[in-house]
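Structural characterization, general
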Amino acid sequence: MAGKNSGDNRTRTSVSIFIIAGLCCFFYLLGAWQRSGFGKGDSIAVAVTKTAGENCDILPNLNFETRHAGEAGGTDESEEVEELKPCDPQYTDYTPCQDQKRAMTFPRENMNYRERHCPPQEEKLHCLIPAPKGYVTPFPWPKSRDYVPYANAPYKSLTVEKAIQNWVQYEGNVFRFPGGGTQFPQGADKYIDQLASVVPIENGTVRTALDTGCGVASWGAYLWKRNVIAMSFAPRDSHEAQVQFALERGVPAVIGVLGTIKMPYPSKAFDMAHCSRCLIPWGAADGILMMEVDRVLRPGGYWVLSGPPINWKVNFKAWQRPKEDLEEEQRKIEEAAKLLCWEKISEKGETAIWQKRKDSASCRSAQENSAARVCKPSDPDSVWYNKMEMCITPNNGNGGDESLKPFPERLYAVPPRIANGLVSGVSVAKYQEDSKKWKKHVSAYKKINKLLDTGRYRNIMDMNAGLGGFAAALHSPKFWVMNVMPTIAEKNTLGIVFERGLIGIYHDWCEAFSTYPRTYDLIHASGLFSLYKDKCEFEDILLEMDRILRPEGAVILRDNVDVLIKVKKIIGGMRWNFKLMDHEDGPLVPEKILVAVKQYWTLGDTNSTSSQ
C-alpha cells in the first residue's frame, strides 16, 4: 500500500513539473504575442517579455484549467465553433452609440443629437472591428503624451484647424502634441501653474478632475505628473478624432457631451471641474448645465472657467462677438453661481475660479427671495439616461463630507459613504476585506502576466469595478484604470470609487461603451458575465471588448467555471489566444480565471483564428 502511495506521489510530482513547465512556455509565448504584430510591437514589449520568459516563477498551484470542459455549463465541446469574420473596412473607427449617420437623425436642440443613441439589437454588428493598415503599438508613457503614431489615427484636420493654437502637429509618421490649447498657448504646464496658485493641486486635496469639452485632453495629460487624474470628455467628431487622440496619448477620456441627459458620474465625485474654451452655453436655460456640474462637484470643490465670456470687456473684439452678448452671458453665469452658492475666489485674465461652499444650505437660507429649488429626496446617483433636472442637489445624505483624506491616503482610507453607512450592505469590515482580497488577486495576476508592472499597459479598464479594489491594488503612476459600474449592479458603489481617488463611469454592457475602437491595453472583468447572464448576449459583450481592446492587448476574466466555459466557446471563434486557469487558491474553487491576448491583425489580413 505504501509503495502504491509512493508511486502516486511520484506521478503527481511529475505531472506538477510538467504543468509548471507548460505554464512557463505559455507565458513566454504570451509575451511573444504581445510584442509580435509582424514587427509592429514596441521595443518595451520586447524587453519585458524576455524578462518574463527568463523569470517564470508561476505559483505551482495556479494551473491551467482543461479538466472542466463539458462540466457545469453543459457546453458540448464537440460543437463546431463559429468563426467571427472581420467587419467591412468602413467600420475601422466605428463607435456604435455615437455613430454620425444615426446621430444626424436626432434633434440638434440642446445637443441631443450628440448624446448616446445606440443601435437596436437587429442592427448590431456581429463581426470584428479591424485595425487600420500599419497600426502600431502606442509609445509608452510618458512619450505617448507627446507623440502618437499617425497610422493609429490618420486624421489631419486638427493640425490645420488648430495650427496656431499648439494642439497637435503632423511630423512625418507621428503626430506631436506640444501641450498647448486654445486658452493656454504657452502650454498646459504654465496654465496649470496659474491654477495651482489658487487651487490646492499639489497637496492631494484635489485628486479627481472633470474636463468638459476637453479637446485632445492636454490639460488632463499635464495634470498627471501632479498626481491629479482627470476624466475628460468631448463630443464625437465635433473636431475629428479629438477623444481618440486623447486615448492614444494615454489620457483618460470618453466620448460625451453636456446636453439633456445627466452625466454618467455619481454626485460629489470630482474635486475640480474645468472648462477651457469648451463652447458650452453655461448661462442658458437658467443655468441647468451648471446645476449638473454642481451635482458631480464635491462640497469645497472648484469650478474653473477659462475663455469667453470671462474678461469680455478686454477681449470682445478678439473674440469677434458683440460685447452686449458677452456681458449678458457673464451676467447669467454669475447669477447661476450665486444661486448654487459658489464663491468666486479668483478672476485673472480670461480665467475665473469659483469654489463650491461646503455649507450651501445656510448660504441659501441667508439669500433673500432665493429662486433656488432643491431637488426632491431621491437618489442623486441615479443618472443613466435620466434627464437633467432644474434643481440643486443637496449636500447632505450621500457622502462627500469633510472626512475625505488627501490623496494617496484616501486610496485605502475608509470612504465617507461607507463610514456614514450610506451604502446598504457595505460595512467598514467588508470594505477592508474587499481590499485585502484584491491585493491577493492582483498579486496572482502579476505572477501570471509579468508585463503588468512594466508600463506596457497604460489604459486599463475594470468592467465590473465594485469598490474599486482591483484599481487600488494595481495603482501605479505608469497607468490608469477606468472603473466601470454596471447599471444593473446590485449595489451602486461608484461614489465610493471616486472617494478613493479613482475615476469611473456608469455603463450598461448590453450597449457599446462611449469610446473609439482600440483604446484600452488591458481589460479586466470579475463576475461580469454572471451578472449579465440573463440580460443580453455574451457574444455582444465579447465583441464590444474586442472593439475597444488594442491589438496585442490583454484580457483577464474572473468568473464561475460554468460561465467561463460558455465564454470560452465564443472566444474560440475570435482572434484571441487564451487559456482557462484555476483560481489562485486551487482547483477546488469554482471561480476560475481566463487570460487572453488579442492577436495583431489589420485591414486585409487573412490569418486564421487561433483557438487554444
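Conventions we followed
- Residues numbered from 1 in each chain as written.
- Predicted model: local features only at pLDDT ≥ 70, side-chain atom pairs only at ≥ 80, totals over all residues.
- Heavy atoms only, no water.
- UniProt positions renumbered as here; feature names shortened; annotations may be inferred.
- Helix = DSSP H or I, 4+ residues; strand = E, 2+ residues; numbered from the N terminus.
- Buried < 20%, exposed > 50% of the residue type's maximum accessible area, 1.4 Å probe, protein only.
- Areas by Shrake-Rupley, 256 points an atom, 1.4 Å probe, with all protein chains shown as cover.
- Arc of directions from axis to C-beta.
- Contact = heavy atoms within 4.5 Å.
- Axes fitted to C-alpha atoms, helices over the stretch in contact; angles between N-to-C directions.
- Parallel < 35°, antiparallel > 145°, perpendicular 65-115°, else oblique.
- Left-handed = near helix turned anticlockwise from the far one by under 90°.
- Nonpolar A, V, L, I, M, F, W, Y, C, P; charged D, E, K, R; others polar.
- Disulfide = S-S within 2.5 Å.
- Pairing = 2+ DSSP bridges.
- Phe/Tyr/Trp six-rings, centres within 6.5 Å; stacked < 30°, edge-to-face > 60°.

The chain goes by Methyltransferase in an unreviewed UniProt entry, where it is assigned to Solanum commersonii. Within the UniProt record for the chain, the comment given under Sequence similarities (unreviewed entry) is "Belongs to the methyltransferase superfamily."

1. Examining the overall build of the chain
Secondary structure summary: the chain contains 19 helices and 17 strands in total. When each of the 612 residues of the chain is scored for burial, the buried share is 57%. Here the chain displays about 25,000 Å² of accessible surface, and carbon together with sulfur accounts for 52% of that area.

2. Observations regarding helix H10 (residues 312–319)
Among all positions of H10, only Trp-312, Asn-315 and Trp-319 are buried. Relative to the axis of H10, the buried residues are bounded by an arc of 85 degrees and lie together on one face. Of the exposed residues in H10, those oriented more than 90 degrees away from the buried face are Lys-313, Val-314 and Lys-317. Where H10 is buried, its residues touch helix H11 (323–339). Directly beyond the C-terminal end of H10, a positive phi value near 55 degrees is found at Gln-320.

3. What to know about unusual backbone geometry
Backbone phi values are negative for most residues with the exception of glycine, while trans is the configuration of most peptide bonds. A cis amide bond, omega 5 degrees, links Pro-308 with the succeeding residue Pro-309. Of note, the amide linkage connecting Phe-407 to Pro-408 takes the cis form, showing an omega dihedral of 10 degrees. Its location among the elements puts Pro-408 in the loop between helix H12 (360–366) and helix H13 (416–419). Although it is not a glycine, Lys-268 adopts a positive phi angle of roughly 55 degrees. Looking at the secondary structure, you find Lys-268 in the loop between strand E6 (253–255) and strand E7 (270–276). With phi around 50 degrees, Ala-285 is a residue other than glycine that occupies positive phi space. With respect to the element layout, Ala-285 can be found in the loop between E7 and helix H9 (288–296).

4. Observations concerning the packing of H10 against H11
Between H10 and H11, whose axes approach to 9 Å, the crossing angle comes to 130 degrees. By the angle between their axes, H10 is oblique relative to H11. The element H10 and its partner H11 pack so that their crossing is right-handed. Packed against H10, whose contacting residues are Trp-312, Phe-316 and Trp-319, the element H11 presents Lys-323, Leu-326, Glu-327 and Gln-330 at the interface. Per-class residue counts for the contact of H10 with H11 are 4 nonpolar, 1 polar and 2 charged.

5. Re the state of the cysteines
Overall, the coordinates contain 5 disulfides when judged by the stated rule. Two residues share a disulfide in this structure: Cys-97 and Cys-118, whose sulfurs sit 2.0 Å from each other. When the S-S torsion is 110 degrees, as for the bridge of Cys-97 with Cys-118, the disulfide is right-handed. Remark: Cys-118 occurs in the loop between helix H3 (100–103) and helix H4 (143–146) and Cys-97 occurs in the loop between helix H2 (43–54) and H3; sequence separation between them is 21 residues. Cys-118 gets classed as partly exposed once you look at its relative accessible area, which sits at 23%. Disulfide pairing is shown between Cys-275 and Cys-278; the S-S distance is 2.0 Å. Handedness of the Cys-275-Cys-278 disulfide follows from its S-S torsion of about -90 degrees: it is left-handed.

6. Overview of the sheet that holds strand E3 (residues 174–176)
Taken together, the 3 strands give an open sheet; going across it, the order is E1-E3-E2, and neighbouring strands pair in antiparallel fashion. Looking along the sheet, the strands with just one partner apiece sit at the ends: strand E1 (147–149) and strand E2 (169–171). Taken pair by pair, the neighbouring strands of this sheet meet at an average axis angle of 30 degrees, ignoring direction. Note: E2 against E3, 3 bridges, orientation antiparallel. Looking across to E3, one finds that Tyr-170 is bridged to Phe-175.

7. With respect to the sheet that holds strand E16 (residues 576–582)
Pairing is mixed across the open sheet formed by 7 strands, whose spatial order is E13-E12-E11-E14-E15-E17-E16. The sheet is open, and its two edges are formed by strand E13 (503–507) and E16, each paired on a single side. This sheet shows a mean twist of 20 degrees between the axes of neighbouring strands, independent of strand direction. Across 6 bridges, the pairing between strand E14 (residues 520–526) and strand E15 (residues 549–560) is parallel. If you follow Tyr-520 over to E15, its bridge partner there is Leu-549. Its contacts with the sheet put helix H14 (residues 428–448) on E14, E15, E16 and strand E17 (591–598), and the angle it makes with E15 is roughly 135 degrees.

8. Some points on the packing of aromatic side chains
Any pair of aromatic rings gets described here by the distance separating the centres and the angle formed by the planes. Summed over the entire model, instances satisfying the criterion amount to 20 aromatic pairs. With centroids separated by 6.4 Å and ring planes inclined at 75 degrees, the aromatic side chains of Trp-141 and Trp-224 adopt a geometry described as edge-to-face. Taken together, the positions of Trp-141 in the loop between H3 and H4 and Trp-224 in the loop between helix H7 (218–223) and strand E5 (229–234) put the pair 83 residues apart, joining distant regions of the chain. Taken as a pair, Trp-141 and Trp-224 share a single burial class, namely buried. Their ring planes at 80 degrees and their centres at 6.2 Å tell us that Trp-438 and Phe-470 sit as a pair that is edge-to-face. Note that Trp-438 is positioned in helix H14 and Phe-470 in helix H15 (residues 469–474), a separation of 32 residues in sequence.

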